[in-house]
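# Structural features, examined
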Amino acid sequence: MKRRSSLRDYTAFVWLIAGGAVLIMRPVVPSATWLMVHLVMLGALTHSAFVWSEYFTHAILRTRATPMQVRRARQRIIVLIIGTLLVLVGIPLTSAYGGGHLRSAWTIVAAGAGIIIAAIGWHTVFIWREFTRALPGRFNFVTRYYGAASLFLILGNIFGASISFGVGEATQARLLAAHLAANFLGWIGLTVIGTLITFWSTMLRTQMAPHTARFSARLFPVFVASDLTVITGALLGMLPLAVGGFAVYLLALVVWASTMWTPLRKVSLREFAPASVAAGLTWAVVGLGGVLLVIYRSSTWSDFDANVRNLSPILVAGFALQLLIGALSYLMPMVMGGGPAVSRAMNTQMNRYGVARVILTNAGLILAITFSHRPALHIAGIVLAGIGFLAFFSATKRALSAFIKAKKEAPTSATKTATDTSPSEKSQAPTAGEQASQRAIDRRWGQLQWAGSEMIGAIAIIAVVLSVGAVVDRGEMPKLLVVRAPLPPSRLLPLGTLRA
Ligand code: HEM
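Only a predicted model underlies this, so the values are computations on that prediction, with no experimental measurement involved. (Residues numbered from 1 in each chain as written. Predicted model: local features only at pLDDT ≥ 70, side-chain atom pairs only at ≥ 80, totals over all residues. Heavy atoms only, no water.)

### Brief notes about the overall build of the protein
Per the secondary structure count, the protein includes 18 helices and zero strands. Residues counted as buried form 50% of the 500 residues belonging to the protein. In the protein, the proportion of contacts linking residues at least 24 apart, taken out of those at least 6 apart, comes to 82%. (Helix = DSSP H or I, 4+ residues; strand = E, 2+ residues; numbered from the N terminus. Buried < 20%, exposed > 50% of the residue type's maximum accessible area, 1.4 Å probe, protein only. Contact = heavy atoms within 4.5 Å.)

### Here's the deal with a nonpolar patch on the surface
A cluster of nonpolar side chains, Leu235, Leu236, Met238 and Leu241, forms an exposed patch at the surface whose accessible area comes to about 330 Å². Note that Leu241 resides in helix H8 (residues 239–267). (Patch = residues over 30% accessible without salt bridge, like charges linked within 9 Å, V, L, I, M, F, W, Y side chains within 5 Å. Areas by Shrake-Rupley, 256 points an atom, 1.4 Å probe, with all protein chains shown as cover. Salt bridge = Lys/Arg side-chain N within 4 Å of Asp/Glu carboxyl O.)

### Brief notes about the coordination of the iron atom of the ligand
In this structure, His38 (NE2) and His179 (NE2) serve as the protein donors to the iron atom of the ligand, at separations of 2.0 Å. Taken together, the six donor atoms surrounding the iron atom of the ligand define angles of 86 to 178° at the centre, an arrangement classified as octahedral. Of this pair, His38 sits in helix H2 (residues 32–61) while His179 sits in helix H6 (residues 169–203), and the two are 141 residues apart along the sequence. For the residue pair His38 and His179, the accessibility class agrees, reading buried in each case. (Donors = N, O, S within 2.8 Å, 3.2 Å for Na, K, Ca; no water. Tetrahedral: all angles 85-135°; square planar, octahedral: opposite > 155°, others 65-115°.)

### Examining helix H5 (residues 142–164)
An α-helix turns once per 3.6 residues; consequently, residues spaced three or four apart project the same way. An ideal rise of 1.5 Å per residue puts 33 Å on 23 residues; H5 measures up with 34 Å between its terminal C-alpha atoms. Within H5, 18 of the 23 residues are buried, which leaves it mostly tucked inside the rest of the structure. Gly166 occupies a position one or two residues after H5 and carries a positive phi of about 85°. (Expected span 1.5 Å × (residues − 1).)

### Looking at the environment of Met238
Positionally, Met238 belongs in the loop between helix H7 (212–236) and H8. Residue classification places Met238 among the partly exposed positions, given a relative accessible area of 41%. Each C-alpha atom of the pair Met238 and Arg174 lies 9.6 Å from the other, and the pair is 64 residues apart in sequence. Apart from the residues lying within four places of it in its own chain, the contact partners of Met238 are Gly233 and Trp301.

### Quick look at the nonpolar core
Core analysis: the largest hydrophobic core is formed by 134 residues, its most contacted members being Met41, Tyr145, Leu196, Trp200, Phe223 and Phe319. Element by element, the count of residues in this core is highest for H6, at 19 residues. Beyond its immediate sequence surroundings of up to four residues, Trp200 is in contact with Met260, Pro263, Leu264, Leu269, Pro274, Val277 and Ala278. Judged by nonpolar contacts, the second largest core, of ten residues, contains Leu384, Ala458, Ile462 and Val465. (Core = buried A, V, L, I, M, F, W, Y, C linked by side-chain atoms within 4.5 Å.)

### Regarding the packing of H6 against H8
Helix packing geometry: the angle between the two helix axes and the distance between the axes. Viewed as axis vectors pointing N to C, H6 and H8 meet at an angle of 20°, and their least axial separation amounts to 11 Å. In this view, H6 runs roughly parallel relative to H8, as classed from their interaxial angle. Along this stretch, H6 crosses H8, giving a crossing that reads as left-handed. In this structure, H6 contributes Leu185, Gly189, Leu190, Ile193, Leu196, Ile197 and Trp200 to the contact, and H8 contributes Phe246, Tyr249, Leu253, Trp256, Met260, Pro263 and Leu264. (Axes fitted to C-alpha atoms, helices over the stretch in contact; angles between N-to-C directions. Parallel < 35°, antiparallel > 145°, perpendicular 65-115°, else oblique. Left-handed = near helix turned anticlockwise from the far one by under 90°.)

### Details of the side chain of Thr143
Its location among the elements puts Thr143 in helix H5. We classify Thr143 as buried; its relative accessible area is 2%.

### Section: H8
Relative to the 42 Å expected for 29 residues at 1.5 Å per residue, H8 spans 42 Å between its end C-alpha atoms, a close match to the ideal helical length. Along its length, H8 shows its largest kink, about 30°, at Met260, and proline Pro263 lies within four residues downstream of that point. (Bend = angle between axes of the 7 residues up to and from the residue.)

Pasting the structure below:
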């Protein structure tokens with residue numbers, strides 16, 4: 001894989017920046033909530049899952065991308081971007097316009113969804129071909145996770161496009177349930193599980209749990225079958241079937257999570273990348289628990305439709321965004337390479353203020369989601385989480401400058417031989433003291449100081465923003481940036497039976 005590629009490396013950033021812009025301009029953007037969710041999930045997450053599952057397919061199967069394959073991969077990314085753009089333009093148009101315009105808006109959505117499905121189909125063929133050509137290997141089964149995930153995205157896109165064509169309320173609700181099951185449990189779920197099988201212990205810089213390969217290989221058909229059961233139950237309006245499938249998927253996830261826990265217990269979270277991924281996975285657990293509660297508390301599919309949307313901030317901002325930011329924080333320095341000194345320079349920047357960023361992001365999310373019906377506190381939460389997320393962009397920028405600087409300073413092979421030989425250079429070899437302090441820096445470069453000044457700084461910022469929010473809250477703030485006020489408990493229908 002090429003060390004640097006703007007199309008590969010920066011596309012996700014563009015989708016995220018667009019998502020941030022919609023958040024700020026929300027009052028004037030049609031279908032703003034839908035756009036924010038899909039700029040992150042269909043834009044940034046799908047692009048990254050697409051690109052990095054190809055990277056990990058080569059890495060795991062130990063195959064090298066040929067120049068033709070590199071070109072094809074670029075073409076696939078471009079096709080995916082075109083399809084995504086059409087869907088992101090088409091769907092808001094369907095809600096902004098009616099009548100004749102609606103038909104052309106549907107055509108745009110259908111074309112976009114069709115182009116995305118073509119890109120994903122091509123991607124699946126690539127994975128399948130690599131898998132069938134590869135030499136046997138202990139982790140070759142991981143590519144099955146990627147293949148199945150892509151097929152679920154194709155299903156998810158068909159359900160999504162069908163919703164936008166305007167169907168009855170009950171059908172829309174069931175299609176949405178199938179859409180979420182295919183995209184979250186299937187596309188994102190299987191891609192994340194497949195990747196973390198090897199990537200989690202790599203990020204923690206430690207050994208994986210001995211049972212990881214065995215458990216993950218055996219649980220693959222369970223994940224696929226249970227997700228297909230959820231989708232079938234939703235489409236047929238058979239709640240017990242959908243809930244049964246969902247419960248099996250959750251159980252399989254709990255069993256699989258033990259393979260993540262073992263390495264974490266050995267080394268704890270010492271760098272920003274695994275810390276952000278761990279925070280994301282924690283929100284995924286909250287989100288999946290939330291889905292269970294919504295299923296339990298909804299009495300019709302339409303109630304399920306209305307209630308489940310309240311979980312979007314948890315699943316999109318809490319889980320998906322933090323997972324993506326964590327993974328990219330590790331992958332970029334790793335793929336750009338340049339030698340130990342260059343990677344160290346990049347990682348030092350990627351980890352900077354890591355503790356404060358994780359704390360601000362998650363404290364902000366908790367505040368924004370808990371107080372979504374109290375505008376001032378809700379905005380205070382968005383501001384805090386925004387600081388945490390935006391810090392990723394500045395960390396990436398600093399890491400790229402560190403990369404360029406370190407590359408310039410890194411001795412080329414010519415200078416290296418020169419230095420080896422010149423006596424004067426020898427005399428300038430670092431003293432024992434310098435070596436000891438360098439080792440200390442090396443040891444610390446990846447380490448997050450959880451109990452240090454960053455923690456205090458983050459808590460101070462939270463205290464200030466929270467108190468300002470509370471003061472303004474008492475003064476009644478205009479409803480500017482409220483994403484969506486979830487249904488107050490009084491509006492949630494009584495516990496109990498679900499009618500088809
Ligand atoms: C071709 C691609 C896609 C299309 C056409 C599509 C279409 C739709 C439509 C029409 C809705 C219902 C909107 C409404 O009733 O307000 C929806 C909701 C949703 N979709 Fe998609 N979608 C696509 C891809 C995805 C992907 C890849 C994901 C996640 C991985 C996703 C996650 C969601 C979520 C979370 C909601 C609920 C949003 C809310 O909070 O209202 N979608 N989608």
